[in-house]
Structures are given as structure tokens and as C-alpha cells.
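In case you want the letters, here they are:
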Amino acid sequence: MKKILFLMTCILWLSPLSLFSQNAHNPNKCGMEIMKAALIAGNPVWAQRIEDQRNSLQGIADAYQSRKEAERLAGKTTSVPTIPIIFHVLVTYSQYIQLGGTAGIAQRVDSQIAVLNRDYNAQNADSVMIPTGWKHLYANVGIQFGLAHTNPYGTGTPGYEISIIPDAPGGFSSASNSYSNAKHSSTGGFDAWDVTKYINVWCINPVDVSGLLGLTVARSFTASGGYPTNEIGICINYATLGKRASASDYYIPGATTGDYYDQGRTLTHELGHLFEIWHTWGDDGGLCPWDGGKDDGIQDTPPESGAKFDNTPYTISGGTYYDTCRYDGTIDTQLTLLGVPCLDYMNYTDDIGMHMFTKGQALIMDAMVASGGESYSLTQNPGLLLYSSRTSVPQVDLDKSLNISPNPSNGLVNISFDSNEGVLNSISIVNILGQEVMNKDTRNSASDYYSIDLSGMSKGIYLVKCNFVSGSITRKILLQ
Ligand SMILES: [Zn+2]
């Protein structure tokens, strides 16, 4: 009860008004620019690398278009790949309650997958909002996503894992290091699952950048001297996860009063970065083509001065609206009746104002997951979308109910589970060398709660292996 009261105090304290002002035209809605700046600060060679990457994009799109056309002429059919996603949810107890507990998180990840599959397959119902001038650019990317149902240990998973983190600081820092702490169990996070097989999404509260919704480490950011490859993936603000199911669900207010980032489009946007596409205005400091601006390096997204916010009404019949990059003399860079790509998922518009990827953007993303592409391996493990044959579905419920806390721990570790879901034979503690350092036989106790004292052991990471009759479930803990 005390925690619930505390939560209610938090909700009152985070009044909509304070969040509106926090999110109105937030220049750091996405951490992409912060991360690029951090890479360049770490080694100036990154400035050219990033520029080269932008300059390569249209060539990638063109080459993939030609390849697709050649394959079509050869009668080759291509199937839509499906990629497994694992959500690592790292929240305080009050944030966990904000999300509706485990049931709320399960609903949110399910709705998130549904949003991604609609947005990436031209099935989003709000595509009817796309003005006529843009309709020919509306792309079916053709990538499917699913919850991972087999984990790297080969056992069943609901597609998410949850860790309750300490109330202070109540989240993770920092954007410039891509919230590295959230990505390693040694620093209180969840380790990435094999980044060549799963898309890893960490759902966190970013405490260092007010109003940040998400950021992504794409593979191109892990070249020598860049981010570690075991940090490839996406961090999203936990309160943008999924699509709103009821009015009382907690989501972050959008830039327009009354709007919320509650349509699951934060992850739609960040996945675009994972597949190497840029913000439509190109993070180029508001420059236009005639003063050196290059935007996103893709031809079919008209030049644009800077990020677009809100859900601004369209003012061009059949298009959106113009910005200051329209004219250089007589050249209409935004092409009459098209305007700016404010309706694109790679802009900063409120969730309800985004409706599409362009065909150029889709070609680049498709090239990344096609054979030879940097993310091709993600499409090659469809078995991970299924429950492992080693564990039946009931094991998944057991996995959900199993709670091992606190983590990190100072010594005492509490293990609880729903005894209706399984019978526990033993608990073993294994060190990082794989040696069993403790074993507790639980066959005769018929309890659903155990407390284990590890205070005599060296600090570090241990695996807590709960050996149920139906199979083992292993979790990592940090002893500190
Ligand atoms: Zn972004």
C-alpha cells in the first residue's frame, strides 16, 4: 500500500502541464544527434565516416532496386522476413506499476509488435491521412517482427524480461554512451541477447536527457572505435512502449497538448535507425540544399530545414506544408504540392501525425535485411519466434511468475514463483566460470518462496538456476 500511495504521489507530481512543457519541441526527442556528436568527440574520424554513410544511402537504395527488378524478371519470389525482438524492461517498482505490472507489460509488448507489423507492411489504418501528393511514395517495407519465444539458453521466453531497479536514480544514464549501463548485467542492466539473431530493445527511464524517447546503436556505429557490438539495439523510454489500450494507460505527452506518444511509433522510428536510415531533415543543423544541407541522403524525401513537431495541419492541397528550404531562387526543392516530410516516421511529429516511410527509405531498410545486408542474420532464425521444444508453454508462465530479487543484491536473494505453474526440485548457484557454488534441494519443502544467503561469496555475477520438474530457468544476479 505504501508503494501505491507513493506512486500516486508521483503521478500527481508529474502533472501533465510539467510534461507538456518538457516535451514541447524537444530537440532531443531521439538521441541520434547526441550519439553522433559523442562518436565525433571520441575520434574526429567519425565526422567523415558519418558523412560517407549518408552519401552512400541513395546508392544502396538504387542498387537494391536494380537487384529486386532483376530478381523479379528472373521469376524469383521473395518472402517477408520475420525478426525476433526481445524487450528488456528495466524499471523501478513505481514505473512497473505505471505500466500495469507484468500483465500491462505483456499487453504493451503485444501491441507494440502489432504496431510495427502494420507500420512496416503498409497496413497502418491512419495511412488514409496521407495526402494525395504523397501516396505514390507510401512504401510497404515488408519486414515482419515477432516476440522472441526461445531465449539464448534454448528455453521458453514470453519475449520480455523484467527487472525492478533501485528507486534512485530511477533510471539510466547516459545518452552519449547509449545507456550502456542498461545493456550489461554487471552494471544493473540486462545483457544483450545475441545481436546477430535478436533485436534487443531496452525499455528504460532515461534520467540524463529530459523527454528523450529513444535512441539506437546501429551496426554502422560499431566500426572500430565506435560503440561495442554487444550494445547494438534500441533503448526506448519505458513510457512509450506499445499502443494505448485504455485512457488510463500511462504515456508521455506529445508536443501538442492532448497528444501522447502512445501509438508505438517511437519504436517504429528507432527501428528505422537500426536499419540505417536518418532523420528526414538529416541532422544537418537546419541547412538547406543551397547552403550545404544534405538532409537524409535519400532523393524521395524532400529537403527540409529541421525537425517537425506537433501534428500540424497540412496547408497545401494534396501535400503537407512548406518550410524555409523550399526555394533557392526558382528551384522548388520541396516539389510543388508535396511540402515537407512531416508525416514520415523518421520525423519528430507526434505519434498520430506520422503515417509512412517513403520508397527510398524502404529500399535501404530492405537492403539491410536482404542477403548480403548487415542485418541479414536477424532474419535467419525463425525458430526463435517459436516456443522451444525443450519447454512447453506452461514453462513460460512459470518464467513470468519467477521473481528473483533484489538484483543487484548485497547477499540475501529471495526467490518466489507461482507453485501452480511448476514444482521446484532444486536451486543451484553457478559462478561465471560455470562452477556450481551452492545447491539447495527443495524437493521436500513444497514452498513457493526461498531465501538464500550469498553474503559469504565473492562479489560478482552469478547464475541462479531454478531446476523445476518441467525444466530449468536461469537468471543472472549481481552480488555487490
Ligand atoms: Zn531518431
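*Asks:* What is the right way to look at empty space enclosed by the protein in this model?
*Replies:* Space left empty within the atom packing is revealed by a probe, the size of a water molecule, rolled over the atoms. On inspection of all chains with the given rule, the structure shows three cavities of 30 Å³ or more. One number sums up the size of the largest cavity: a volume of about 110 Å³. If you trace the largest cavity, you find 13 residues lining it, with Val195, Ile232, Leu274, Ser375 and Leu378 closest to the centre. Along the lines of polarity and charge, the residues of the lining of the largest cavity split into seven nonpolar, four polar and two charged.

*Asks:* Help me understand the layout of surface pockets in this model?
*Replies:* When its volume is computed, the largest pocket comes out at roughly 1,200 Å³. As for the largest pocket, its lining consists of 46 residues, and the residues nearest its centre are Glu161, Ile162, Ser163, Phe190 and Arg475. Elements represented by at least two residues in the lining of the largest pocket include exactly strand E1 (82–91), helix H5 (93–98), strand E3 (160–164), helix H10 (393–401), strand E9 (403–405) and strand E15 (471–479). Mapped onto the domain boundaries, the lining of the largest pocket takes at least three residues apiece from domain 1 (25–282 + 342–384) and domain 2 (405–479).

*Asks:* Help me understand the environment of Asn439 in this model?
*Replies:* Relative to the elements of secondary structure, Asn439 occurs in strand E12 (residues 436–441). Judged by relative accessible area, which is 44%, Asn439 ranks as partly exposed. Linking Asn439 and Lys465, residues 26 residues apart in sequence, is a C-alpha distance of 9.3 Å. With sequence-adjacent residues up to four places away left out, Asn439 is seen in contact with Ser426, Ile427 and Ser428. A polar side-chain atom of Asn439 sits 3.1 Å from a polar atom in the side chain of Glu436.

*Asks:* Where do I start with the pattern of salt bridges in this structure?
*Replies:* Side-chain pairs of opposite charge can arise where the charged atoms are in close proximity. In the structure shown here, the tally under the stated rule is 15 salt bridges. The residue Lys476 makes a salt bridge to Asp191 at a minimum N-O spacing of 2.4 Å. One end of the pair, Lys476, is in strand E15; the other, Asp191, is in the loop between E3 and strand E4 (199–204), with 285 residues separating them in the sequence. Counted as one network, the salt bridges with shared partners bring together Glu51, Arg54 and Lys294.

*Asks:* Even after reading the chapter, I still don't get the pairing of strand E11 (residues 424–431), so can you show me in this structure?
*Replies:* The two faces of the sheet receive side chains in turn, since in a regular strand these alternate between them. With seven of its eight residues buried, E11 lies for the most part within the structure. Bridge count for E11 against strand E14 (residues 460–468) is seven bridges, and the pairing is antiparallel. Residue pairing across strands places Val430 opposite Leu463, the latter belonging to E14. As defined by bridge partners, E11 adjoins E12 across five bridges and the pair is classed as antiparallel.

*Asks:* Would you mind going over the coordination of the zinc ion with me for this structure?
*Replies:* Geometry sets the ideal angles at a metal, namely 109.5 degrees for four tetrahedral donors and 90 or 180 degrees for six octahedral donors. At this site the zinc ion is bound by Cys30 (SG), His269 (NE2), His273 (NE2) and His279 (NE2), with donor distances of 2.0 to 2.2 Å. Angles of 99 to 125° at the metal separate the four donor atoms of the zinc ion, which places the site in the tetrahedral class. Between consecutive donor residues of the zinc ion, the sequence gaps follow C-x238-H-x3-H-x5-H. Comparing His273 with His279, the two get one shared label, buried.

*Asks:* Help me out: how do you make sense of the nonpolar core in this one?
*Replies:* Nonpolar side chains tend toward joint burial in soluble globular proteins. Ranked by internal contacts, the top residues of the largest apolar core, which has 82 residues, are Phe87, Phe145, Ile199, Leu271 and Phe275. The contacts of Leu271, once residues within four sequence positions are left out, are Leu116, Tyr120, Phe145, Ile199 and Ile234. In this structure, Val413, Phe417, Tyr462 and Ile477 belong to the second largest nonpolar core, which totals 19 residues.

*Asks:* I keep staring at the sheet that holds strand E10 (residues 412–416) and nothing clicks. Help me out?
*Replies:* Backbone hydrogen bonds hold the strands of a sheet together, and the pairing may be parallel or antiparallel. Across the sheet, which stays open at both edges, the three strands sit in the order E9-E10-E13 with antiparallel pairing between neighbours. The open sheet terminates on both sides in strands that have one partner only, identified here as E9 and strand E13 (449–453). With direction set aside, neighbouring strand axes in the sheet form an average angle of 15°. As paired elements, E10 and E13 share five bridges and run antiparallel to each other. Each residue of the ladder has a partner; that of Ile415, found in E13, is Tyr450.

*Asks:* Got a minute to help me understand the state of the cysteines in this structure?
*Replies:* The full count for this structure, using the stated rule, is one disulfide. Cys288 shares a disulfide with Cys325; S-S distance 1.9 Å. Where Cys288 bonds to Cys325 through sulfur, the torsion about that S-S bond is close to -85°, and the disulfide is left-handed. With Cys288 in the loop between helix H8 (265–274) and strand E7 (327–328) and Cys325 in the loop between H8 and E7, this residue pair connects regions lying 37 residues apart in the sequence.

*Asks:* Could you clarify how one ought to interpret the domain arrangement of the chain in this entry?
*Replies:* Many structure descriptions define interface size as the accessible area lost when the parts assemble. Here the chain is described as being made up of domain 1 (25–282 + 342–384) and domain 2 (405–479). Centre-to-centre separation of domain 1 and domain 2, based on C-alpha positions: 34 Å. Counting from both sides, the interface comprises eight residues of domain 1 and, opposite them, seven residues of domain 2. When domain 1 packs against domain 2, close to 570 Å² is buried across both sides, 54% of that on carbon and sulfur atoms. Counting across the interface, domain 1 meets domain 2 through one salt bridge. Joining domain 1 to domain 2, the criterion identifies one residue pair in polar contact (both at pLDDT 80 or more). Class assignment of the residues belonging to the side of domain 1 that touches domain 2 gives a composition of two nonpolar, five polar and one charged.

Calculation rules
- Residues numbered from 1 in each chain as written.
- Predicted model: local features only at pLDDT ≥ 70, side-chain atom pairs only at ≥ 80, totals over all residues.
- Heavy atoms only, no water.
- 1 Å grid on protein atoms, 1.4 Å probe; cavity = no way out; pocket = protein on both sides within 12 Å on 5 of 7 lines; lining within 4 Å.
- Points joined across faces, edges and corners; volume = space filled by probe spheres on them.
- Nonpolar A, V, L, I, M, F, W, Y, C, P; charged D, E, K, R; others polar.
- Helix = DSSP H or I, 4+ residues; strand = E, 2+ residues; numbered from the N terminus.
- Domains from an automatic or database assignment.
- Buried < 20%, exposed > 50% of the residue type's maximum accessible area, 1.4 Å probe, protein only.
- Contact = heavy atoms within 4.5 Å.
- Polar contact = N/O pair within 3.5 Å; in protein donor to acceptor, adjacent residues only side chain to side chain.
- Salt bridge = Lys/Arg side-chain N within 4 Å of Asp/Glu carboxyl O.
- Pairing = 2+ DSSP bridges.
- Donors = N, O, S within 2.8 Å, 3.2 Å for Na, K, Ca; no water.
- Tetrahedral: all angles 85-135°; square planar, octahedral: opposite > 155°, others 65-115°.
- Core = buried A, V, L, I, M, F, W, Y, C linked by side-chain atoms within 4.5 Å.
- Axes fitted to C-alpha atoms, helices over the stretch in contact; angles between N-to-C directions.
- Disulfide = S-S within 2.5 Å.
- Buried area = accessible area lost by both parts, 1.4 Å probe.

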